[in-house]
There are 4 protein chains.
Amino acid sequence: MSMNTFGHLFRVTTWGESHGPALGATVDGCPPGVVLDEAMLQHWLDRRKPGQNKYTTQRQEPDQVKILSGMFEGQTTGTPIQLMIENTDQRSKDYGDIAEKFRPGHADITYWQKYGIRDYRGGGRSSARETAARVAAGGIAREAIKALVPGVEIKGYMTQIGPHKIDRARFDWDQIEQNPFWSPDATAAGEWATYLDGLRKSGNSVGAVVEVVARGVPAGLGAPIYGKLDTDLAAAMMSINAVKGVEIGEGMNAACLTGEDNADEIFMGNDGQPVYSSNHAGGILGGISSGQDLVVRFAVKPTSSILKTRQTITKSGTAAEIITKGRHDPCVGIRAVPVGEAMMACVVLDHLLLHRGQIGANRGKIG
Amino acid sequence: MSMNTFGHLFRVTTWGESHGPALGATVDGCPPGVVLDEAMLQHWLDRRKPGQNKYTTQRQEPDQVKILSGMFEGQTTGTPIQLMIENTDQRSKDYGDIAEKFRPGHADITYWQKYGIRDYRGGGRSSARETAARVAAGGIAREAIKALVPGVEIKGYMTQIGPHKIDRARFDWDQIEQNPFWSPDATAAGEWATYLDGLRKSGNSVGAVVEVVARGVPAGLGAPIYGKLDTDLAAAMMSINAVKGVEIGEGMNAACLTGEDNADEIFMGNDGQPVYSSNHAGGILGGISSGQDLVVRFAVKPTSSILKTRQTITKSGTAAEIITKGRHDPCVGIRAVPVGEAMMACVVLDHLLLHRGQIGANRGKIG
Amino acid sequence: MSMNTFGHLFRVTTWGESHGPALGATVDGCPPGVVLDEAMLQHWLDRRKPGQNKYTTQRQEPDQVKILSGMFEGQTTGTPIQLMIENTDQRSKDYGDIAEKFRPGHADITYWQKYGIRDYRGGGRSSARETAARVAAGGIAREAIKALVPGVEIKGYMTQIGPHKIDRARFDWDQIEQNPFWSPDATAAGEWATYLDGLRKSGNSVGAVVEVVARGVPAGLGAPIYGKLDTDLAAAMMSINAVKGVEIGEGMNAACLTGEDNADEIFMGNDGQPVYSSNHAGGILGGISSGQDLVVRFAVKPTSSILKTRQTITKSGTAAEIITKGRHDPCVGIRAVPVGEAMMACVVLDHLLLHRGQIGANRGKIG
Amino acid sequence: MSMNTFGHLFRVTTWGESHGPALGATVDGCPPGVVLDEAMLQHWLDRRKPGQNKYTTQRQEPDQVKILSGMFEGQTTGTPIQLMIENTDQRSKDYGDIAEKFRPGHADITYWQKYGIRDYRGGGRSSARETAARVAAGGIAREAIKALVPGVEIKGYMTQIGPHKIDRARFDWDQIEQNPFWSPDATAAGEWATYLDGLRKSGNSVGAVVEVVARGVPAGLGAPIYGKLDTDLAAAMMSINAVKGVEIGEGMNAACLTGEDNADEIFMGNDGQPVYSSNHAGGILGGISSGQDLVVRFAVKPTSSILKTRQTITKSGTAAEIITKGRHDPCVGIRAVPVGEAMMACVVLDHLLLHRGQIGANRGKIG
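None of the values given here were measured: they were computed from a predicted structure. (Residues numbered from 1 in each chain as written. Chains lettered and ligands numbered in written order. Predicted model: local features only at pLDDT ≥ 70, side-chain atom pairs only at ≥ 80, totals over all residues. Heavy atoms only, no water.)

Novice: Which residues make up the pattern of salt bridges, and what values go with them?
Specialist: Summed over all chains, the structure comprises 84 salt bridges over all chains. Linking C:Asp119 and C:Arg121 is a salt bridge whose minimum nitrogen-to-oxygen distance equals 2.9 Å. The salt bridge involving D:Glu341 is made with D:Arg47; its shortest N-O contact spans 3.2 Å. Of the two residues, D:Glu341 is situated in helix α8 (residues 336-358) and D:Arg47 in helix α1 (residues 38-48); the sequence distance between them amounts to 294 residues. (Salt bridge = Lys/Arg side-chain N within 4 Å of Asp/Glu carboxyl O. Helix = DSSP H or I, 4+ residues; strand = E, 2+ residues; numbered from the N terminus.)

As structure tokens, then:
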């Protein structure tokens, strides 16, 4: 028995296993009247699709999404939207090793300890394939946001692979779509290519950092104390496979700052809205959006399915060596970029909807 | 309208403002038959209490907790436990500046933008005083855990203040209670004292990193995909005032590791339970506890109420300078240690209860 | 471990036992800016207060409500509102019989079976005193509704005591406040007085039917399929102590009607809103309000604490006779009227808030 | 935006419209290790299937259920189970009238008022076809209950069609499967046949009462105050299409009883469990099961799609007459029997799971 739903009013329940007949998402709470079709969702799924270049798994999956409900004559009706992605690449193979041995660093052992039964084919429910359903749901969230608040832009990119970080001085929004790593720094992208080539050849893998920014999000989103915007973002990102750390704005580095340095000073902008001298806060104060860019960062650990020999045990408790053959990502963090974007879109929409339900007529104006 | 409850089955709703008549927590879902009294909760509250040394705010609050319901003849009954802490230090003072001007880095402006009304006295609902209620609720969680699973130990400590980190080689569990910073490293504690003296005199503040460890937590806790143990821990810690980053195990540093390095190799222990060569995972794989120590770390930003002059605006939108007088913490992170422990206790209990409801008879055995 | 909260966005958690220090409600989700004070809530509590006439229990409780949080300068702030009612009538008495024997028809035995511990004083958590907290919370809901949608009126009254029903032909709104039974039929009120006098003298009790109407509720409230307005109303009313049946509109009698008779025919009113020829539906179609009066009815069983001797068993399983002395209501249904009103107010507010979060700009207009 | 999920730990989300590509249920929280296959679910769906006799709609739907996830090697894995039923009978027809005119007594008008868009084909989301998904989910619940607590039996039957009630003196469990009405009274079944023949010929419809009993449910289920077993059952049954009243045990008739009559006296049974002299309570005291049979009853209004001419309005607000041609049930209550059983199964399982999570070691024993 588990809990497979996220969101307060925009509620996404994902379902399905890596090698079952299909996987998908049940999306409840999308407002009525949003113009939508399968192609709009496919656009985002295609960005996440494996096998697009040599830096991601060579598994071939079309990841074609179908909308089974919740639409009428090209618009959402306000009823649940069922998204289904059929698994086509279910080729029979020998999973014997993984069925009996636990991969170090993998959920193999804990799923077994929790449930006493486990679909070991391709990781079953713990497979990162589950994130395809999130990306599709995120596509719905994007269209719904567009219908509610024009001008919101959500963008993810990589800032680090292994020890190699981007140089913020070279940050270029237009670079992001120009390289296989969604890197805003072309030089870093080149270094990463070389670095990953070496790792891939040696059968190893590595971690990464992804940053997601949402621009144009209005002030006032977030429900303190326990539905804070940053609380929900932290949960959303930490729920992504292999994520081990989440940061808002300055993140862990906030420990190093003084109060004087950390204060984002406030001024009035020409449009009568507050503007800030800096964005250490990542756009969130007291759990509520300030109108600045929302900035979230998360670290993805290296995939545990590697060609290196490691020590482990079997289900019967005997010592064993394990080496995982197959079509795995040398840096699974790359494919986490569209997933992080999708989670951001879902959280922002959810709080837009909550905010509509929350605010009195007397919402605070400044000036 | 906001959401002030956390937890799935062990549900804690906090209420109250910094300078209202009282604050507290409504605790629903505590199992019946847990032996409990006010002194057990007071023990933890006293650790968080302000004014205990010169490194925390000099506000004097006894923070005396009362249990108003849910108990009979010294045991919990399974009905809601109401905890109330009366605010005694409500001395009348001039809040004029804060009522009109927004402190940079503070929730002043976003609460105003969201609600259009705000109890500005001492921060109102956004005050860190709210965390007293969490600490009291955490005390209940500790006793309930004890009744369910003997031997669980939850401990928090500081690992960094400003740029000064502890040296892991000097880590000493017994040091933690011996200094005003809950530092496991006596040398670091000495450095921090000197550093904070300087900051306090200059009216500045600084951030910090807190680490919380839970030992003896059984394998199998956590509800993938969206009620993962790490997801819930991330949300719990990020919901604490001023927290900007949360890490599990290696945290952000996971980006730098290779798959080979990150793999915690598995062996059989003498007691027939799996043991691991390392704990990069922080005790959680695929969102489920492995039986290793749970390790969570979070960064607390510097308090925004400082004696330094900063630029800001007023409610009417005019430019202004602000300087916040009062009894504030130079490093609010210190008092976050017992809060982090309390959140850990609540999350662990919650998942212990969920797990009891979740597992079939055929739970996976190893060996 | 139990669940003591109701509502989706307007969330009320009640807490407290009959003879503990206090009881109350934690109200989360009230919009900011609602003008409120304790006297507004006391008004409704006074209607429910015991000991007002010889037809209700003679227990003397002032039921004075205090607001501990969530208010600033006479308005709600959008943060949780804590309501506390201290128990003053905790006179020491001999509960020995009830501590050991189970009253037939009472929750004594099932609380014991579920929790293994039970505050038997005055029924503990299962006491109807818990409904005082609901009435106070309902008072907040009434003020919030007023702030959101002017003109909503919520009114409860009795339609049956024992076998004696009101005559709908004599229905008079102005009568309701004129007699101790909230009867809209003065003749029935007279019959009930005579009937209850006899019951009270013989130490017996009897059931009743309460009807609650909400007028002026806009069309479009209700969240199909499982948050339907009638679903939530059914749950709200069934959660009241001693309620055994709930009806919407025609209720159980709907079984007897043909489709032709049951159809509430639709016409256009002079104000451009639909009007209906009848209201068999009780104002709800497909779980969504139609704009007609919401009509809910519920049956309250007779109190099980009576002066009649009944057969039962003790905790140790031995056969025993029981007779319950004390200050009990001959018809507890009478005091359920303000409780039913409060639940209606909470549900209507909750769905008003949900609806604000739910609807797109293209909400359906007619004409 | 709507809410399409029910249950606390066993959570069922239904999705789909009458004439979309498919409908189904996402079932989250089923324990791992339950033996299950599609045939087990199909058994219950076949009971609900339309077109089986002349008393139900002649629409031909195979209602073939597919399991898309959550299973491995014949057992549930504890991950979400996706159930899909493809709509095969989507024949193109003229819905013009229903698209423009609102059927009196139908959700047509309120869906329009709420959402501003509506899939009018066959009722869209408001169609009773949605209940097929519930019946399939109920089949899972039955198997899970079986795995947790042997000997629970859940059975529904009709007790009234129009003004014609069964005679309790003729109640025969074995009759229930012997007639097209699930009547426990063969004589009543005969009367109903004649009565419905007349109604069908005249193009009219009629209401009904369904009773559902659960035997063998252990004492202690139910979560007071707002997750009471009867509260959840009332919500579950009221959420079924066309239900207007719900009763537990004596139901509305409880109003007529005295406390003396209503008390189910308690004795010790030969097996050391309490036994009761009667079951006015319907197996629930204070919201908690007593171990007696759970007895729930609900009234289903007549279908509003009839061949009789009624007055209505169009979307543009002009007066119109309406007559609904098509393949409709003269007594939709008949097909509600398996739906009521399914809801009972889901609620019982949900509370079995909650109870496992709730109870301390010291659960109350008697004797």
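Structure's up, so let's keep going.
Novice: Residue-level account of the pairing of strand β2 (residues 11-16) of chain D, with values.
Specialist: In regular strands, side chains alternate between the two faces of the sheet. Residue and element names in this part refer to chain D. Within β2, five of the six residues are buried, leaving the element largely enclosed by the surrounding structure. The sheet contact formed by strand β1 (residues 5-6) and β2 spans two bridges and is antiparallel. What sits directly across from phenylalanine 6, in β2, is valine 12. With antiparallel pairing between neighbouring strands as the criterion, β1 and β2 make up a hairpin whose turn holds four residues, including glycine 7 at a positive phi of roughly 105 degrees. Note that β2 and strand β3 (residues 22-28) share six bridges and pair antiparallel. Directly across from threonine 14, in β3, lies its bridge partner alanine 25. Linking two consecutive strands that pair antiparallel, namely β2 and β3, is a turn of five residues. (Buried < 20%, exposed > 50% of the residue type's maximum accessible area, 1.4 Å probe, protein only. Pairing = 2+ DSSP bridges.)

Novice: Give a description of the packing of aromatic side chains that names residues and reports values.
Specialist: Counted according to the given criterion, the structure contains 28 aromatic pairs over all chains. Each ring, one from A:Tyr120 and one from D:Phe72, has its centre 5.2 Å from the other, and the planes form 85 degrees; the classification is edge-to-face. Within this pair, whereas A:Tyr120 is found in the loop between α3 (108-115) and α4 (130-148), its partner D:Phe72 is found in strand β5 (residues 71-72), the two belonging to separate chains. Here D:Phe72 falls in the buried class, since its relative accessible area comes to 7%. On the basis of an interplanar angle of 50 degrees and a centroid distance of 5.6 Å, the ring pair of C:Tyr111 and C:Tyr115 is categorised as tilted. A residue pair is termed a helical-turn pair when its members lie 3 or 4 positions apart in one helix, as C:Tyr111 and C:Tyr115 do in helix α3 (residues 108-115) at four residues. C:Tyr115 matches C:Tyr111 in its accessibility class, with the two residues each being buried. A connected cluster of aromatic rings, assembled from ring pairs, spans A:Tyr157, A:Phe171 and A:Trp173. (Phe/Tyr/Trp six-rings, centres within 6.5 Å; stacked < 30°, edge-to-face > 60°.)

Novice: Which residues make up the interface of chain A and chain B, and what are the values?
Specialist: Counting residues at the interface gives 113 residues for chain A and 113 residues for chain B. Of the roughly 8,900 Å² buried between chain A and chain B on both sides combined, carbon and sulfur atoms contribute 60%. One can count four salt bridges joining chain A with chain B. For B:Glu265, the salt bridge identified is with A:Arg310, shortest N-O distance 3.6 Å. With seven residues, α3(A) is the largest single contributor of residues to the side of chain A that touches chain B. Looking at the side of chain A that touches chain B residue by residue, the classes come out as 54 nonpolar, 42 polar and 17 charged. Relative to strand β11 (residues 243-248) of chain B, strand β11 (residues 243-248) of chain A runs antiparallel, the two sharing three bridges. By the bridge assignment, A:Gly245 is partnered in β11(B) with B:Glu247. (Contact = heavy atoms within 4.5 Å. Buried area = accessible area lost by both parts, 1.4 Å probe. Nonpolar A, V, L, I, M, F, W, Y, C, P; charged D, E, K, R; others polar.)

Novice: Tell me about the side chain of C:Thr314, and name the residues and values.
Specialist: Along the chain, C:Thr314 falls in the loop between β17 (310-313) and β18 (319-322). The class of C:Thr314 is buried, set by a relative accessible area of 11%. A distance of 3.0 Å separates polar atoms of two side chains, one belonging to C:Thr314 and the other to C:Ser316. Leaving out residues up to four positions away in the same chain, C:Thr314 has contacts with C:Glu100, C:Lys101, C:Phe102, C:Ala320 and D:Ile366. (Polar contact = N/O pair within 3.5 Å; in protein donor to acceptor, adjacent residues only side chain to side chain.)

Novice: Hey, could you go over the interface of chain C and chain B for me, with residue numbers and the actual values?
Specialist: Interface extent is often summarised as the accessible area lost during association of the parts. At the junction of the two partners, chain C supplies 43 residues and chain B supplies 43 residues. The junction of chain C with chain B conceals about 3,300 Å² of combined surface from both sides, 64% of it contributed by carbon and sulfur atoms. Remark: the boundary between chain C and chain B carries zero salt bridges. Among the secondary structure elements, those contributing two or more residues to the side of chain C that touches chain B are β2 (11-16), β3 (22-28), β6 (75-76), β7 (81-86) and α8 (336-358) of chain C. Grouping the amino acids of the side of chain C that touches chain B by side-chain chemistry returns 18 nonpolar, 16 polar and nine charged.

Novice: Please set out the relation of the copies chain C and chain B residue by residue, giving values where relevant.
Specialist: Superposition record for chain C on chain B: RMSD 0.0 Å, screw rotation 180 degrees, translation along axis 0.0 Å. Each copy turns onto its partner about a two-fold axis. Rotation axis and chain C: the residue whose C-alpha lies nearest the axis is C:Thr26, separated from it by 3.7 Å. When the interface residues of chain C are mapped onto chain B, 100% of them are again interface residues, pointing to one common binding face. (Least-squares fit on C-alpha atoms with pLDDT ≥ 70 in both.)

Novice: Which residues make up the pairing of β18(C), and what values go with them?
Specialist: All names here are of chain C. Of the two faces of β18, the one holding Ala320 and Ile322 is buried and the one holding Ala319 and Glu321 is not buried anywhere. Pairing between β17 and β18: four bridges, direction antiparallel. By the bridge assignment for β18, glutamine 311 is matched with glutamate 321. Between β17 and β18, which follow one another and run antiparallel, lie five residues, and glycine 317 among them has a positive phi close to 90 degrees.

Novice: I'd love a proper account of the packing of helix α1 (residues 38-48) of chain B against helix α4 (residues 130-148) of chain B, names of residues and values included.
Specialist: All names here are of chain B. Their axes nearest at 8 Å, the elements α1 and α4 cross at an angle of 140 degrees. Between α1 and α4, the interaxial angle falls into the category oblique. For the pair α1 and α4, the crossing hand works out as right-handed. Side by side, α1 and α4 meet where Met40, Leu41, Trp44, Leu45 and Arg48 of the first sit next to Thr131, Ala132, Val135, Ala136, Gly139, Ile140, Arg142 and Glu143 of the second. Counted by class, the contact of α1 with α4 contains eight nonpolar, two polar and three charged residues. (Axes fitted to C-alpha atoms, helices over the stretch in contact; angles between N-to-C directions. Parallel < 35°, antiparallel > 145°, perpendicular 65-115°, else oblique. Left-handed = near helix turned anticlockwise from the far one by under 90°.)

Novice: Tell me about the sheet that holds β3(C), and name the residues and values.
Specialist: Residue and element names in this part refer to chain C. Sheet architecture is open: five strands sit in the order β1-β2-β3-β7-β4, paired in antiparallel fashion. Of all the strands in the sheet, the pair left with one neighbour each is β1 (5-6) and β4 (65-67). Those strands touched by helix α1 (residues 38-48) are β4 and β7, and its axis lies near 150 degrees from that of β4. Helix-sheet contacts for helix α4 (residues 130-148) involve β2, β3, β4 and β7, and the interaxial angle to β3 is about 35 degrees.

Novice: Can you tell me about the environment of D:Lys155, naming the residues and giving the values?
Specialist: All names here are of chain D. Tracing the sequence through the fold places lysine 155 in strand β8 (residues 153-161). Residue classification places lysine 155 among the buried residues on the basis of a relative accessible area of 17%. Among the polar contacts made by the side chain of lysine 155, one reaches the side chain of glutamate 177 at a distance of 3.0 Å.

Novice: Run through the sheet that holds strand β7 (residues 81-86) of chain A, naming residues and quoting values.
Specialist: All names here are of chain A. Strand order in the open sheet formed by five strands is β1-β2-β3-β7-β4, and the pairing between neighbours is antiparallel. The outermost strands of the open sheet, each flanked by one partner alone, are β1 (5-6) and β4 (65-67). Sheet analysis places strand β3 (residues 22-28) next to β7, joined by six bridges and oriented antiparallel. In the strand pairing of β7, alanine 22 is matched with glutamate 86. With respect to the sheet, helix α1 (residues 38-48) is in contact with β4 and β7, its orientation differing from that of β4 by roughly 150 degrees. This element, α4, spans β2 (11-16), β3, β4 and β7 of the sheet and lies at about 35 degrees to β3.

Novice: Summarise the environment of C:Ser127; cite the residues concerned and give the values.
Specialist: All names here are of chain C. Relative to the assigned elements, serine 127 resides in the loop between α3 and α4. Taking the C-alpha atoms as reference, serine 127 lies 24 Å from aspartate 197; in sequence the two are 70 residues apart. Not counting residues within four places of it along the chain, the set of residues in contact with serine 127 comprises Ser18, Gly122 and Asn241.

Novice: Kindly report on the environment of B:Leu45, identifying the contributing residues and their values.
Specialist: Residue and element names in this part refer to chain B. Mapped onto the secondary structure, leucine 45 falls in helix α1. Separated by 88 residues in sequence, leucine 45 and alanine 133 place their C-alpha atoms 8.7 Å apart. If we skip the residues at most four places from it in the chain, leucine 45 touches Asp63, Val65, Ile85, Ala132, Val135 and Ala136.

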